[in-house]
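Okay, here's what each chain looks like letter by letter:
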Amino acid sequence: MGKPTGFMDYKREAPRKKDPMARVKNWKEFQIVMPEQQLKRQGARCMDCGIPFCQAGTTMPGSNEIGCPVYNLIPEWNELVYRGKWKEALDRLHKTNNFPEFTGRVCPAPCEVSCTVAISDEPVTIKSIEYSIVEKGFKEGWIKPNPPKERTGKKVAVIGSGPAGLASAAQLNKAGHLVTVFEREDRPGGLLTYGIPDVKLAYKIVDRRITLLKEEGIVFQTNVEVGVDVTAEELDHEFDAIILATGATMPRDVDQEGRELTGIHYAMDFLTANTKSLLNSNHQDDDYISAKGKDVIVIGGGDTGADCITTSIRHGARSVTQFDINEQKQTIRHIQNPWPLFPNVYSEEDAHKEAKAVYGRDPRSYKLQTAKFVGNEKGELVGLETIEVNTTLEDGKKVRHPVSDSTKLWEADLVLLAVGFTGPERKLLEQMNIKQTNRQTIDAEYGRYQTNQAHVFAAGDNRRGQSLVVWAIHEGREAARECDRFLMGSSQLP
Ligand code: FAD
């Protein structure tokens, strides 16, 4: 602990972000690095409690998984920041997390939810400290390519370049294997690049790390879809092992009357096209689905829906509304969970703050189910009908009960479907004879990651279902360790 009385002397200072009205005028990141003096004070708030729940990924009854999935050594770097030892803090941070610049920006920070200070006060601003350590590291030139001293001669193919693929590639390369990452998109990064909007995580940040990985010896082959441009058999022939890190982005549909009308799109089509056009031409190519001047309805109350709001506002949408089928979440904690579920689990998202600033109202409407889409004679969407639903839990399953006479018509000329994902794409898995679970995810045990094909390992969303960047990094690292063990008989990787 840097300062024994720090948690009593200093209050939490919230991470600063640019004003919503100013930031929606551009596509720049809006998080602001805190001044060093302020960060030192925040680091001093860490109690270095006997059991640092923040660093131990675990599950509390009735809550989400809490603690850091990559086991970041949080109390150690909090103290080092308090003492002004930034380079040492960076070394400790990189020990457990290959890409703190990604998690420092987009992680919902399960570590802060489990901070012991939060039992009686507000938690330590762990995420802001992580972000600042790594950004200082880049600014000072401390983060340099570090290629392995020796090569093993073994070759590994990583399919998919999202956080799981990148983490496993980085670790396997560190172990001395020759790693090639195959990515079907034109740019690497997976959802870091073509899912999470640039305003939350700019592509230049992803590219900065990819450049380092290339300098360390990892080969990236973009615009190559495994199963189409190169067969699984060809990979088997050329490589000693394969890591499947293909994500889980098969979209769930809203199969209601009028679904065929023009103006209804999957959220991912909207978000991906937007970022591509932004990066390729600053939107000059018009190769994206524009929300400009439109009444936009986002169906789905999760993070993907929030990203659609953020993007629609920047296009200049006339209005933005978001439907959530569930009730507004409450800050109710489970009786066995002593933590107050603060600050992020039930907090308002940046997107909602922006919508309130621009349109003067909260965009969210709860307990609504789409009954049908309404079109004009040209087959264009003009609105949709909803009914109100109450939800009960019966035998552990959610059951929806329509409320009578609750039909409502909403005007809309753009609807974005953000109702979740059904799992990984099956095509490649079938070609490779990879066994799937009854949830359609890849059947590979957590901690082992090996599929029914001994030389093929799976990590990230395609194994666990849509999750978080930090879990993808964790699984990528661990799958690399298991793959290394398979190739060499034992492994020094963590
Ligand atoms: P992905 O990131 O999905 O990467 C998979 C890659 O594999 C893709 O690039 C794909 O093109 C490639 N691929 C697939 N098949 C092939 C093939 N046959 N050949 C070659 N390449 C292939 N998490 C957070 O922690 N914070 C957030 O703020 C956040 N926001 C999100 C916003 C959106 C819109 C979405 C959809 C998700 C968000 N998530 C967020 C979740 C997070 O992005 C994912 O959990 C994480 O990216 C999963 O990483 P992954 O490497 O398993 O897969």
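Residues numbered from 1 in each chain as written. Predicted model: local features only at pLDDT ≥ 70, side-chain atom pairs only at ≥ 80, totals over all residues. Heavy atoms only, no water.

How would you summarise the overall build of the protein chain if you had to cite specific residues and measurements?
Summing up its helical and strand segments, the protein chain has 18 helices and 16 strands in all. Compactness check: the protein chain gives a C-alpha radius of gyration of 23 Å against a globular reference of 23 Å for 494 residues, within 12% of the reference. In terms of overall dimensions, the protein chain has a C-alpha envelope of 70 × 60 × 50 Å along the principal axes. Per-residue burial for the protein chain yields a buried fraction of 51% across its 494 residues. Restricting the contact set of the protein chain to residue pairs at least 6 apart, pairs at least 24 apart contribute 69%. Only carbon and sulfur atoms are counted for the fraction: they give 47% of the accessible area of the protein chain, which is about 22,200 Å². (Helix = DSSP H or I, 4+ residues; strand = E, 2+ residues; numbered from the N terminus. Rg over C-alpha atoms; globule rule 2.2 N^0.38 Å. Buried < 20%, exposed > 50% of the residue type's maximum accessible area, 1.4 Å probe, protein only. Contact = heavy atoms within 4.5 Å. Areas by Shrake-Rupley, 256 points an atom, 1.4 Å probe, with all protein chains shown as cover.)

How would you explain helix α11 (residues 203–215) if you had to name every residue and give the values?
Between the first and last C-alpha of α11 there are 18 Å, a value that for 13 residues agrees with the 18 Å anticipated at 1.5 Å per step. Listing the buried residues of α11 in full gives Tyr 203, Ile 205, Val 206, Arg 209, Ile 210, Leu 212 and Leu 213. (Expected span 1.5 Å × (residues − 1).)

So what's going on with the sheet that holds strand β4 (residues 178–182)? Which residues, and what values?
The five strands are arranged β5-β4-β3-β6-β16 in an open sheet whose pairing can be described as parallel. Looking along the sheet, the strands with just one partner apiece sit at the ends: β5 (219–221) and β16 (456–458). On average, each strand axis in the sheet is tilted by 20° relative to the strand beside it, whichever way the strands run. Across three bridges, the pairing between strand β6 (residues 241–244) and β16 is parallel. If you follow Ile 242 over to β16, its bridge partner there is Val 456. (Pairing = 2+ DSSP bridges. Axes fitted to C-alpha atoms, helices over the stretch in contact; angles between N-to-C directions.)

Tell me about the site of the ligand, and please be specific about residues and values.
Looking at the ligand, there are 36 residues lining it, with Val 106, Glu 183, Val 226, Asp 461 and Val 469 nearest. With respect to the ligand, the backbone of Val 106 contributes an N or O atom lying 2.8 Å from a nitrogen atom. A distance of 2.9 Å separates an oxygen atom of the ligand from a polar atom in the backbone of Val 469. Within the complex, 95% of the 1,000 Å² of free accessible area of the ligand lies under protein. For the shell around the ligand, the secondary structure elements donating two or more residues are α9 (163–174), α13 (267–281), α14 (303–315) and α18 (469–488). Each of domain 2 (155–249 + 423–488) and domain 3 (264–327 + 367–417) contributes no fewer than three residues to the shell around the ligand. (Near = heavy atom within 4 Å. Polar contact = N/O pair within 3.5 Å; in protein donor to acceptor, adjacent residues only side chain to side chain. Domains from an automatic or database assignment.)

Outline the nonpolar core, supporting the account with residue identities and numerical values.
Trp 77, Phe 102 and Ile 133 are the most contacted members of the largest nonpolar core, which totals 68 residues. Beyond its immediate sequence surroundings of up to four residues, Phe 102 is in contact with Cys 107, Leu 166, Leu 192, Leu 201, Ile 205, Val 206, Arg 209 and Val 469. Core analysis: the second largest hydrophobic core is formed by 21 residues, Ile 289, Val 298, Cys 308 and Leu 416 among them. (Core = buried A, V, L, I, M, F, W, Y, C linked by side-chain atoms within 4.5 Å.)

Could you give me a rundown of the domain arrangement of the protein chain, with the residues and numbers involved?
Taken as a whole, the protein chain is organised into domain 1 (6–139), domain 2 (155–249 + 423–488) and domain 3 (264–327 + 367–417). Contact residues are listed per partner, giving five residues for domain 1 and seven residues for domain 3. Between domain 1 and domain 3, roughly 530 Å² of surface is buried when both sides are summed, and carbon and sulfur atoms account for 68% of that area. Ranking the residues of domain 1 by area buried against domain 3 places Val 24, Trp 27 and Phe 30 at the top, with a combined share of 91%. For the interface between domain 1 and domain 3, the tally reads one residue pair in polar contact (both at pLDDT 80 or more). A per-class count over the side of domain 1 that touches domain 3 returns three nonpolar, one polar and one charged. (Buried area = accessible area lost by both parts, 1.4 Å probe. Nonpolar A, V, L, I, M, F, W, Y, C, P; charged D, E, K, R; others polar.)

Please provide a residue-by-residue account of the pairing of strand β15 (residues 414–417), values included.
Judged by which residues are buried, β15 turns out to be covered on both faces: Leu 414 and Leu 416 on one side and Val 415 and Leu 417 on the other are all buried. Relative to β15, strand β7 (residues 264–266) runs parallel, the two being bridged by three bridges. The residue bridging Ile 264 from the neighbouring strand is Val 415, located in β15. As defined by bridge partners, strand β8 (residues 295–299) adjoins β15 across four bridges and the pair is classed as parallel. Its bridge partner lying in β15, Ile 299 is registered against Leu 417.

Mind laying out the pairing of strand β11 (residues 368–375), listing which residues take part and the relevant values?
In this sheet, strand β12 (residues 381–394) lies alongside β11 in antiparallel orientation, the contact comprising seven bridges. Looking at β12, one finds that Phe 373 is bridged to Leu 384.

Outline the state of the cysteines, supporting the account with residue identities and numerical values.
Under the counting rule described, the total for this entry stands at zero disulfides. No disulfide involves Cys 49; its sulfur sits 6.2 Å from the nearest other cysteine sulfur, which is in Cys 54. Unpaired in this structure, Cys 107 has its nearest cysteine sulfur neighbour in Cys 111, at a distance of 6.3 Å. Residue classification places Cys 107 among the buried residues on the basis of a relative accessible area of 10%. (Disulfide = S-S within 2.5 Å.)

Break down the packing of aromatic side chains for me, citing the residues and quoting the values.
The description of an aromatic ring pair rests on the distance of the ring centres and on the angle between the ring planes. Within this structure, the stated rule accounts for five aromatic pairs. Their ring planes at 35° and their centres at 5.2 Å tell us that Phe 99 and Phe 102 sit as a pair that is tilted. In this structure Phe 99 comes out as buried when scored by relative accessible area, which is 0%. Residue class for Phe 102 comes out buried when judged on its relative accessible area of 0%. Between the NZ or CZ atom of Arg 187 and the centre of the ring of Tyr 203, over which it lies, the distance is 5.6 Å. Sitting over the face of the ring of Trp 410, Lys 408 holds its NZ or CZ atom 4.1 Å from the ring centroid. (Phe/Tyr/Trp six-rings, centres within 6.5 Å; stacked < 30°, edge-to-face > 60°. Lys NZ or Arg CZ within 6 Å of the ring centre and 35° of its normal.)

Tell me what's going on with the environment of Val 179, and back it up with residues and numbers.
Its place among the elements puts Val 179 in strand β4. With relative accessibility at 2%, the residue Val 179 sits in the buried group. As for Val 179 and Ala 444, which are separated by 265 residues in sequence, their C-alpha atoms are 21 Å apart. Contacts of Val 179, omitting those with residues within four sequence positions, involve Val 156, Val 158, Ala 169, Leu 172, Asn 173, Gly 217, Ile 218 and Val 219.

Just give me the short version of unusual backbone geometry, but keep the residues and values in it.
Positive phi, close to 45°, is recorded for Asp 48, a residue that is not glycine. As for its placement among the helices and strands, Asp 48 is situated in the loop between α3 (36–44) and β1 (58–59). A relative accessible area of 36% places Asp 48 in the partly exposed class. A positive phi angle, close to 70°, is found at Tyr 449, a residue other than glycine. Relative to the assigned elements, Tyr 449 resides in the loop between α16 (426–431) and β16. Exposure remark for Tyr 449: the relative accessible area of 0% places this residue in the buried category.

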